[in-house]
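Working through the structure, step by step
Given next are the chains, with one letter for each unit.
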Amino acid sequence: MKMIVKKKKATGAIGYVVMFTLALMMVVLILYLAQVARLMTHQHHVDDSLADSVLASLVADDIYYFETYEMTGTPVIRFRSVDEAHGLFVDCMNASIAETTGFYYNFAFDSYICYEVEGSQVKITSYSGPGGNKSVSTGRVGSVGSPKGDIVRETSAYGRVKFDIKNIIDGSFITKTKDIYCTLEINN
């Protein structure tokens, strides 16, 4: 007697393919959500650090700052040294990121701008790049704008940093920039 062996049709294969595809999509979705959460954590930390550092640079010399006409109306805010304000901004940012090893890579100071308003004049002191290349210019109140588009009306400062974070999926770097513009309003 001869036995004839027939092949059975693989009717369940489509179900396995669909299940494997769904499992693969879930893994990709989880990795994507983990990367987004990591990126948002980094951005939140940098936003807080930038705000703290720029505000600290604005009130770097509190005795000089708060003794300028505060009791006789709106004060004229001046800096004893904008170089010290820039240095304080850099020091505060460095201190903020020093304890976050493995968090930021290739951290760099892109730009820091100090706007000093007195009367109708604005003195603009800009620091750019890792060396803090300095340039000074002047303008009129209402015609000078910050890089974020804010019209400068009070003594204020702007800071921008650039950094990389490591992609958790393939280990490559994602370059991000964050910036902030801060003003102080006293007796307004």
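Keep in mind the model is a prediction, meaning the values are calculated, not measured. (Residues numbered from 1 in each chain as written. Predicted model: local features only at pLDDT ≥ 70, side-chain atom pairs only at ≥ 80, totals over all residues. Heavy atoms only, no water.)

Digging into the confidence of the model for the protein
Per-residue pLDDT for the protein has a mean of 79; in total, 81% of the residues score no lower than 70. Least confident of the elements in the protein is helix 2 (residues 62-66), whose mean pLDDT is 53; most confident is strand 3 (residues 133-140), at 91. (pLDDT = per-residue confidence, 0-100. Helix = DSSP H or I, 4+ residues; strand = E, 2+ residues; numbered from the N terminus.)

Points about the pairing of strand 5 (residues 173-183)
Two faces make up the sheet, and in a regular strand the side chains alternate between them. Pairing of strand 4 (residues 156-166) with strand 5, which is carried by 11 bridges, proceeds in the antiparallel orientation. Paired with Tyr158 across the bridge in strand 5 is Tyr181. In this structure, the hairpin formed by strand 4 and strand 5 is closed by a connection of 6 residues, where Gly171 is found at a positive phi of approximately 80°. (Pairing = 2+ DSSP bridges.)

Overview of the packing of aromatic side chains
Considering all chains together, one arrives at 7 aromatic pairs under this definition. Taken together, a centroid distance of 6.3 Å and an interplanar angle of 20° make the contact between Phe107 and Phe163 stacked. Here Phe163 lies in strand 4 and Phe107 lies in strand 1 (residues 105-118), a separation of 56 residues in the sequence. The exposure class assigned to Phe163 is buried, which follows from its relative accessible area of 0%. Cluster of aromatic residues (ring-pair linked, three or more members): Phe89, Phe107, Phe109, Tyr112, Tyr127 and Phe163. (Phe/Tyr/Trp six-rings, centres within 6.5 Å; stacked < 30°, edge-to-face > 60°. Buried < 20%, exposed > 50% of the residue type's maximum accessible area, 1.4 Å probe, protein only.)

A word on the environment of His45
In this structure, His45 sits in helix 1 (residues 13-58). The exposure class assigned to His45 is partly exposed, which follows from its relative accessible area of 22%.

Focus: the pattern of salt bridges
Between side chains of opposite charge, a pair can form when the charged atoms approach closely. Taken as a whole, this structure holds 3 salt bridges when the rule is applied. Between Asp83 and Lys134 there is a salt bridge, with its nearest N and O atoms 3.1 Å apart. With a gap of 51 residues between them, Asp83 in helix 3 (residues 82-98) and Lys134 in strand 3 connect regions that are remote in the sequence. With a relative accessible area of 40%, Asp83 lands in the partly exposed category. Judged by relative accessible area, Lys134 falls into the partly exposed class, the value being 47%. Its salt-bridge partner being Asp110, residue Arg160 comes within 3.0 Å of it at the nearest N-O pair. Taken together, the residues Arg160 in strand 4 and Asp110 in strand 1 connect sequence positions 50 residues apart. Classification of Arg160 by relative accessible area gives partly exposed; the value is 27%. (Salt bridge = Lys/Arg side-chain N within 4 Å of Asp/Glu carboxyl O.)

Some remarks on the sheet that holds strand 3
Pairing is antiparallel in the open sheet, where 5 strands are placed in the order 3-2-1-4-5. Edge positions in the sheet fall to strand 3 and strand 5, since each has one partner strand and no second. Strand after strand, the sheet turns through a mean of 15° between neighbouring axes, direction not considered. The strands touched by helix 3 are strand 1, strand 2 (121-128), strand 3 and strand 4; relative to strand 1, the strand with the most contacts, the crossing angle is about 145°. (Axes fitted to C-alpha atoms, helices over the stretch in contact; angles between N-to-C directions. Contact = heavy atoms within 4.5 Å.)

Details of the pairing of strand 4
Extensive coverage of strand 4 is indicated by the burial of 8 of its 11 residues. Looking at chain direction, strand 1 and strand 4 are connected through 8 bridges and run antiparallel. Bridge pairing in strand 4 places Tyr105 opposite Asp164.

A few points about a nonpolar patch on the surface
A contiguous nonpolar patch, built from Ile14, Val18, Leu22 and Met25 and spanning about 420 Å² of accessible area, is present on the exposed surface. If you trace the backbone, Ile14 turns up in helix 1. (Patch = residues over 30% accessible without salt bridge, like charges linked within 9 Å, V, L, I, M, F, W, Y side chains within 5 Å. Areas by Shrake-Rupley, 256 points an atom, 1.4 Å probe, with all protein chains shown as cover.)

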